[in-house]
Protein chains: 2
Amino acid sequence: MEAPYIVIISTGSEITAGRSLDTNSGWMANQLFELGWKVKKFIGLPDDPDLILSELKALKQLAETRPVLVLMTGGLGPTEDDYTLETVLKLSGKKSYSVEKAKIRLQRIYESRGKQYSDILPTVLRQTHVPEDCKTLDNTVGIAVGFVEPIGTDSYLVCMPGVPSEMKEMFTRRLVPELKRIYPRENLVQKTKWLWNIGESLYQKDFVETHRDELFQNVEWGVTANRGYIKCIFQSTDSKPLERIIQKLETQYPKIISDDVFEFVHEHLISEKLTIAVGESCTGGLLGKKLTDFPGSSSYFVGGFLTYSNEMKDSLLGVPSDTLQSFGAVSKETAEAMAKGISEKTKADYCISITGIAGPDGGTEAKPVGTVWIGIKTPDGSVQTHSYIFPGNREGIRENASNTALFLLYQSLKKRNV
Amino acid sequence: MEAPYIVIISTGSEITAGRSLDTNSGWMANQLFELGWKVKKFIGLPDDPDLILSELKALKQLAETRPVLVLMTGGLGPTEDDYTLETVLKLSGKKSYSVEKAKIRLQRIYESRGKQYSDILPTVLRQTHVPEDCKTLDNTVGIAVGFVEPIGTDSYLVCMPGVPSEMKEMFTRRLVPELKRIYPRENLVQKTKWLWNIGESLYQKDFVETHRDELFQNVEWGVTANRGYIKCIFQSTDSKPLERIIQKLETQYPKIISDDVFEFVHEHLISEKLTIAVGESCTGGLLGKKLTDFPGSSSYFVGGFLTYSNEMKDSLLGVPSDTLQSFGAVSKETAEAMAKGISEKTKADYCISITGIAGPDGGTEAKPVGTVWIGIKTPDGSVQTHSYIFPGNREGIRENASNTALFLLYQSLKKRNV
């Protein structure tokens, strides 16, 4: 079967008014890429039934010429401006019915809140309705039921809630198996690698463009760029070209790894019963924030020091004012003294210090904006320091510095596990 | 003249592959709303000249029936997959020419990097090209020139770079005056207010829906939701209904203000030469991070303590273990002792402490997930404490707590200025 022409539609006036960012479409496109599919078009529409209907009609017409898959989110809620069901019924000429399982679930939710079935407003009950003769997609997070409405030969309109947590659960658990059934395809092999301290454009130029003819025949590639690292995905129906790519990558980039640093750090600090403390200057708390993003981080993160001023570096962490004067606040010596100071005050197994120039001001020829020193005291008591010149604006430099500090922590944890 | 039918197009395979989030469209929609215009549709397209051309053709056709304004970003760069100029030339049947001013600017940039004009690659030079007979939009941040191409009676296709910093500057400085000239309209009056510690949906239900008939005749409204606060915008050609709305808002919501808290805090700490230090538990550094987001924050932010564990609350901030045992780490007493401890260690004018339960675990019936105590020591030496139960997930609670701490700081700074 021909690969479907995929269109993602997000409805919601909050999106087209710029009040809220549509993160659903990108998330779905990413998931679809991992299944081996590319999206042809994103569409964002306000809560306007006429605009939505005319868009769906045009797509239904397109489905007369080729397989079309439309993924639409939003408009399934209980408020006045939720028009999705009504619009799809107009498009198909069908009637709707209330899905028994969803009705019972709604009833239980009401009862658990001490309310009765009769309390349920018609607009709330409407969320359990779907068009006749379509595949329903259960909602295990919220109330609104999703559905897959046929719109032509091998063509479907999928409607899902716009609440990201509901959509994601429904997409992964209900929709993906259905899509694999509807559009069967050869088995894809996929490889994922993370490259640290390199940017997306440099990677594209130096790796993808340079080796395109030699390595990328019959291979699809994708890259997600983040501050300090990129995540690279490669797909093929044949595993051999993927192995050649990975081999080449490993020769070209020493900081290539196969783990998600953030998850690895979280899991290994817990499983190895290790503790960590931080001392931050230019990042102002961002590293501590990242170390406490995951629930359960209290088992390893004991605390830290925000030593933004030189006085605090001295008074809180005992960085000698001699060191600060001779070498400057942004120096190997200060990063080292900070790491030692954190260790003394907290006795944590790992102690990480960051000191740098986030800009836009404060740079010099010898220490330009973006210069960052990171110190890391490891459980054996030794302190290593590393220096970087990070690219980007103030925010980019701070993100880069705190992510890279976590990468250094990852490398040390990884060594313990070899 | 009829208001134009506005469509925003973002091109870039990184967008439709979900590798990068399109923030340009929402930003432009927001700006257009402030000018009194609503967007009918967002479109995201991969770097595929056929798809882009067919979309533009359809919009040009629509322009035969009504005024259409298309704002397109992306595809003006120097790489192979930048197709915007080529596509617009196909659409219009025009030729392009190199804008002299832009060419000179590019030449100067090359010379400042020690390179010669002859070093400029043809694809780089292409960025100075625009179609004949159209209004050009200067780029003062990057290289690619933007342009406004007529596509019908009172209808235009605006092409701008996809790099946000270049697009924003071009939009604000070059495009907005042009749009005001092309589509003249009655003078709009606009009022902006911030409401703290209230959510968007509650505001819509309790204020907008409730007072729709009575207050919102001839008034457009918009709201931007954030963690801990919402920004409300009201527009009308008549100032009287706006005044009635503001009056009603002020009776209904005590935490209504006319300032951007983050900017106000930054500016006033600097101008009044005040210093600040923090002590964070559940936010793990997020408050410190926010206080150092702006360049120049080193003039007021001295530093702080991340006292995530009880031991650190005791050893770093001197919170008595008695207090921690009797009242718990999340309590008025602990928040107060933390604020005093910060003050003792740093001597800062303002000292803010945060301690709470970010979840998802750790909640009890008496102290559910979301419970947060904030302590604030003001320059007069007194310490006030405030408690909240913030909604949302772990991330939401932490954002809420740190933003609200800044709101408390704002309120205190504001009082000094009455």
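Residues numbered from 1 in each chain as written. Chains lettered and ligands numbered in written order. Predicted model: local features only at pLDDT ≥ 70, side-chain atom pairs only at ≥ 80, totals over all residues. Heavy atoms only, no water.

Side note on the sheet that holds strand β11 (residues 229-236) of chain A
Residues and elements named next belong to chain A. Read from one edge of the open sheet, four strands run β10-β11-β9-β12, paired in antiparallel fashion. Taken across any chain shown, the strands that pair with only one partner, and hence form the sheet edges, are β10 (220-226) and β12 (256-257). Direction of pairing for strand β9 (residues 189-196) relative to β11: antiparallel, over a ladder of eight bridges. Among the inter-strand pairings, Trp194 is bridged to a residue of β11, identified as Lys231. (Pairing = 2+ DSSP bridges. Helix = DSSP H or I, 4+ residues; strand = E, 2+ residues; numbered from the N terminus.)

Concerning the side chain of Lys41 of chain A
By the element assignment, Lys41 of chain A lies in strand β2 (residues 39-45). On the basis of relative accessible area, Lys41 of chain A is assigned to the buried category, the value being 12%. A distance of 2.7 Å separates a polar atom in the side chain of Lys41 of chain A from a polar atom in the side chain of Glu55 of chain B. With near-sequence residues (within four places) excluded, Lys41 of chain A lies in contact with Ile6, Val7 and Ile8 of chain A together with Ile43, Gly44, Leu45 and Glu55 of chain B. (Buried < 20%, exposed > 50% of the residue type's maximum accessible area, 1.4 Å probe, protein only. Polar contact = N/O pair within 3.5 Å; in protein donor to acceptor, adjacent residues only side chain to side chain. Contact = heavy atoms within 4.5 Å.)

Description of the sheet that holds strand β1 (residues 5-11) of chain B
Pairing is mixed in the open sheet, where 12 strands are placed in the order β6(A)-β7(A)-β8(A)-β3(A)-β1(A)-β2(A)-β2(B)-β1(B)-β3(B)-β8(B)-β7(B)-β6(B). In this open sheet, the two edge strands, each paired with only one partner strand, are β6 (135-137) of chain A together with β6 (135-137) of chain B. When strand polarity is set aside, the average angle formed by the axes of neighbouring strands in this sheet is 20 degrees. Two strands pair when backbone bridges link them, and strand β1 (residues 5-11) of chain A and β2 of chain A are joined in this way by six bridges, in the parallel orientation. Paired with Ile8 of chain A across the bridge in β2 of chain A is Phe42 of chain A. In the packing of helix α3 (residues 49-62) of chain A onto the sheet, contacts are made with β1, β2, β3 (68-73), β7 (146-152) and β8 (155-160) of chain A together with β1 and β2 (39-45) of chain B, and the angle to β1 of chain A comes to roughly 175 degrees. Relative to strand β8 (residues 155-160) of chain B, helix α7 (residues 164-182) of chain B is tilted by about 165 degrees, and along the sheet it contacts β3 (68-73), β6, β7 (146-152) and β8 of chain B. (Axes fitted to C-alpha atoms, helices over the stretch in contact; angles between N-to-C directions.)

Here we look at the domain arrangement of chain A
Each assigned domain of chain A is listed here: domain 1 (5-182), domain 2 (189-257) and domain 3 (261-416). Placing a centre on the C-alpha atoms of domain 1 of chain A and another on those of domain 3 of chain A gives a separation of 45 Å. (Domains from an automatic or database assignment.)

Comments concerning the UniProt feature "domain: MoaB/Mog" (unreviewed entry) in chain A
With numbering aligned to this structure, UniProt lists the feature "domain: MoaB/Mog" (unreviewed entry) at residues 7-182 of chain A. The straight-line gap between the two end C-alpha atoms of residues 7-182 of chain A is 16 Å; of that span, 42% is helix and 23% is strand. (UniProt positions renumbered as here; feature names shortened; annotations may be inferred.)

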